[in-house]
Amino acid sequence: MRRGLLVRPTLAAALATAALNSIGCGGGAESGLVELSLGHVGSPGSLYDVTANEFARRVNERLAGRAELHVYGASQLGGDDAMLQRLRLGTLDMSLPSTIMSSMVDAFGLFEMPYLVRDREHMKRIEEAVVWPDLAPRAEETGYRILAVWENGFRHITNSRRPIHGPEDLSGIKLRTPRGVWRVKLFQALGANPTPMPFSEVFVALQTGVMDGQENPLTQVTSAKLHEVQDYLSLTGHVYSPAFVTTGAGRWERHPPEIRAEVEAIAREMQAFVYETAARMDEELLAQLEATEMAINEADPARFEAASEPIYEEFATAVEGGRTLIEKARR
């Protein structure tokens, strides 16, 4: 198997945290400049990285002299769980959680249902029919406010043991998943041995054989160089993961209303850029991976859908209003 270099911690995380603590303690207050912070787990070059930086560029251009947005990517501020905790504590303004939202608010497990989202146009309809009227209010009840819906992407499986054509090929594979109860349930039902793990630890886990495989959008696979320590890419597209521009209600409400309104408007308008960039990157990155040593195969979605149908029924009965959420999303 190909082995890349171990990813080692650097001074960047400590410096980022120190800078963020300064912002969290009112940095920029003397000049009247509102300092904002956004953290995410995406590696340089990932969709998260590209879109977060474009968001910051737009905010800093339009609110020049009034507000400034700083981006802390590549898990500099910890994993998604750590950043969600920072949102609640009021030491971080915004983050880009995806799967982990289902561990914070069980109704977000809707987006863990396999093959629920057909394409990005369908996702837009789900956003209007389900996210804003149903999911966002539930998030706010737990202290989180959703500002906009972006994207993590369509997820595929990589591993070091064999091509994955159907669920039976996952038998016995040690598979890293993000922290989310329904993703774990899904891969248990499909026969894998799933283990939740922060994204920042995935490369080394794959490199050392602690994990056999993982599942992520192509942008995360390539930007984190997971193809250097994985032999097979199976295009399953089993789950589409939105990303949510999220803030902690307490800290956010302390910023001037006009600043909040403009930032939220920019975050919403960013969606067109996010979706366009994501679609382009999917095509470009697949071509790049085809030029590597990875063996790439198309999986059989019908077999995965059939094997995962019990997950839908469990969600429908276990989550308050779960059946209605599924019905509204599938329209």
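Fair warning: this is a prediction, and the values are worked out from it, not measured in the lab.

Reading the values: rules and limits
- Residues numbered from 1 in each chain as written.
- Predicted model: local features only at pLDDT ≥ 70, side-chain atom pairs only at ≥ 80, totals over all residues.
- Heavy atoms only, no water.
- Core = buried A, V, L, I, M, F, W, Y, C linked by side-chain atoms within 4.5 Å.
- Buried < 20%, exposed > 50% of the residue type's maximum accessible area, 1.4 Å probe, protein only.
- Helix = DSSP H or I, 4+ residues; strand = E, 2+ residues; numbered from the N terminus.
- Contact = heavy atoms within 4.5 Å.
- Expected span 1.5 Å × (residues − 1).
- Bend = angle between axes of the 7 residues up to and from the residue.
- Polar contact = N/O pair within 3.5 Å; in protein donor to acceptor, adjacent residues only side chain to side chain.
- Pairing = 2+ DSSP bridges.
- Axes fitted to C-alpha atoms, helices over the stretch in contact; angles between N-to-C directions.
- pLDDT = per-residue confidence, 0-100.
- Right-handed = clockwise from strand over helix to strand, strands pointing away.

Let us now look at the nonpolar core. By size, the foremost hydrophobic cluster in this structure holds 79 residues, and its most contacted members are Phe 55, Met 94, Trp 150 and Val 263. Per-element accounting of this core gives the leading share, eight residues, to helix α5 (residues 120–141). Apart from the residues lying within four places of it in its own chain, the contact partners of Val 263 are Leu 36, Phe 55, Val 59, Leu 63, Met 94 and Trp 252. If you look at the next biggest cluster of nonpolar residues, it comprises 11 residues, including Met 197, Phe 199, Leu 206 and Met 211.

Its 22 residues place the ends of α5 only 28 Å apart at the C-alpha level, less than the 32 Å of an ideal helix rising 1.5 Å per residue. The principal kink in α5, of about 60°, is found at Val 131, preceding the proline Pro 133 by one to four residues. Among all positions in α5, only Arg 120, His 122, Met 123, Ile 126, Glu 127, Val 130, Val 131, Trp 132, Asp 134, Leu 135, Ala 136 and Ala 139 are buried. Buried residues along α5 sit against α4 (101–104), β4 (144–154), β10 (240–248), α10 (257–290) and α12 (322–329). Phi for Gly 143, located one or two positions after α5, is positive at around 100°.

Locating Ser 223 in the fold gives a position in helix α8 (residues 218–223). A distance of 2.7 Å separates a polar side-chain atom of Ser 223 from the backbone oxygen of Thr 219. Apart from residues lying up to four places away in sequence, Ser 223 is in contact with Ser 43, Pro 44, Gly 45 and Ser 46.

In a beta sheet, neighbouring strands pair by backbone hydrogen bonds and run either parallel or antiparallel. Overall, mixed pairing links the six strands, which are arranged β7-β6-β8-β5-β9-β11 in an open sheet. Two strands lie at the open edges of the sheet, namely β7 (193–196) and β11 (295–298), each paired on one side alone. Each strand of the sheet is rotated relative to its neighbour by a mean of 25°, with strand direction disregarded. Examined bridge by bridge, strand β5 (residues 156–159) and strand β8 (residues 213–216) share four bridges and lie antiparallel to one another. In the strand pairing of β8, Thr 158 is matched with Gln 214.

When pLDDT is averaged across the chain, the result is 92; 91% of the residues are at 70 or more. Low pLDDT, under 50, characterises residues 1–11; the predicted model gives this stretch 25 contacts beyond four residues in sequence or across chains.

Time to look at the pairing of β7. Sheet topology places strand β6 (residues 174–177) next to β7; four bridges connect them, and they run parallel. Bridging from a neighbouring strand, Leu 175 pairs with Pro 194 of β7. Following the chain from β6 across helix α6 (residues 181–189) to the adjacent parallel β7, one finds a crossover that is right-handed.

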